[in-house]
Amino acid sequence: MSIMTPAGAKAAEEMGFSRIVLPREMSLDEIKEIRQSTDLELEMFVHGALCMCVSGQCYLSSVIGSRSGNRGLCAQPCRLPFTAKGDKNECALSLKDLSLIEHLSELEGIVSLKIEGRMKTALYVAAVARTYRRAIDDCMESEEKYQANRKWYREEIAKCTYRKFTTGFYFGKPGADAQIYDNSTYINEYTYLGMVEGTDEKGRAFIHQKNKFSLGDTIEIMKPEGENVQAEVISLATGEGLPVESAPHAGQALWVGLGGKAKEHDLLRVRKEAPQEGCTKA
């Protein structure tokens, strides 16, 4: 609703709203001003794609592809190649992704942190949400623990698909360094293999595989509580029990031997040899 002033928050409160989601274009000082002026719950965006236009006020996706960004259907046309100088390799409207995971202790009075998840993979959602959950818990426990683990937060966030990061408008008007002009806008260092749906008496994990992997590969098991465990694929079989050397076809039902290290609801991923390149949608 683009509520970004104390007057707007007051109007929402008088109409009976209990929470407002603040626009991504607000600074921390502006957020604090609203916090001091209302008892409404405040939710704010802390991680994911930023809009070239003001949040909730863009018609570009609707005009180009009949998908309204104001109704949650944005096709993110601003990620396509645009130029004002004739250079066809430029992504002149592409912004870096927002990430405030290193500034959570400064977000006083915010009851909910909004993380982009629409059109994202399960690996992305799990990795980012799990890392923010850990960061929030550390921050609530002590500032010292939170500061000590900042390197780990950055490393975990970098293990899912992402663009280069910025703090957006939260510390003032962003400059040219908040945009991405070259073709290396999409970084994907890990491949999602699937979620463990169950285990058997042999300790094998059952999954419906999402991407190719093979016998002997070293993969990473993501535990819900935040731990990452390395494991070698010591056996691989189809859902019917037929041994195979590799799993090249997405959607295969597989029994994966990982030495009993994987449990139900764990996620499996493998590190890629090289990142992808190119102007790409979120």
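Cut-offs applied
- Every residue gets a number counted from 1 within its own chain, in the order that chain's sequence is written.
- Only residues with pLDDT of at least 70 get local features here, since the model is predicted, and only at 80 or more are side-chain atom pairs given and counted; chain-wide, interface and lining totals rely on the full set of residues.
- For the side-chain quantities, the full set of heavy atoms in the structure was used; hydrogens and water were omitted.
- Each residue gets a pLDDT score, which is the predictor's confidence in that residue and runs from 0 to 100.
- We call two residues contacting when some pair of their heavy atoms lies within 4.5 Å.
- Two strands qualify as a pair provided that DSSP identifies no fewer than 2 bridges between them.
- Each helix corresponds to a stretch of at least 4 residues labelled H or I by DSSP, and each strand to a stretch of at least 2 residues labelled E; elements are numbered beginning at the N terminus.
- Only the stretch in contact is used when fitting a helix axis, every axis being a line fitted to C-alpha atoms; angles between N-to-C directions are given from 0 to 180 degrees.
- Every angle not falling under 35 degrees, over 145, or within 65 to 115 is termed oblique; those three ranges are roughly parallel, roughly antiparallel and roughly perpendicular.
- Gly is placed with the polar residues, together with every amino acid not listed as nonpolar (Ala, Val, Leu, Ile, Met, Phe, Trp, Tyr, Cys and Pro) or charged (Asp, Glu, Lys and Arg).

Our focus in this paragraph is the confidence of the model for the protein. When the pLDDT values of the protein are averaged, the result is 85; 89% of them are 70 or greater. Confidence drops under pLDDT 50 across residues 274–282; counting only partners more than four residues distant or on other chains, this segment forms 30 contacts.

Right, let's get into the pairing of strand β8 (residues 205–208). In this sheet, β8 lies alongside strand β7 (residues 198–199) in antiparallel orientation, the contact comprising two bridges. By the bridge assignment for β8, T199 is matched with A205. Hairpin connection of β7 to β8: five residues between the antiparallel strands, including G203 at a positive phi of 85 degrees. Inspection of the sheet shows β8 paired to strand β14 (residues 253–257) by four bridges, in the antiparallel sense. Within β14, the residue paired with A205 across the bridge is V256.

Moving on: the packing of helix α4 (residues 122–141) against helix α6 (residues 150–157). Their axes nearest at 9 Å, the elements α4 and α6 cross at an angle of 170 degrees. Judged on the interaxial angle alone, α6 and α4 are roughly antiparallel. Contact with α4, carried on its side by V128, R130, T131, Y132, R134, A135 and D138, involves W152, Y153, E156 and I157 of α6 and no other residues of that element. In the contact of α4 with α6, the residues fall into six nonpolar, one polar and four charged.

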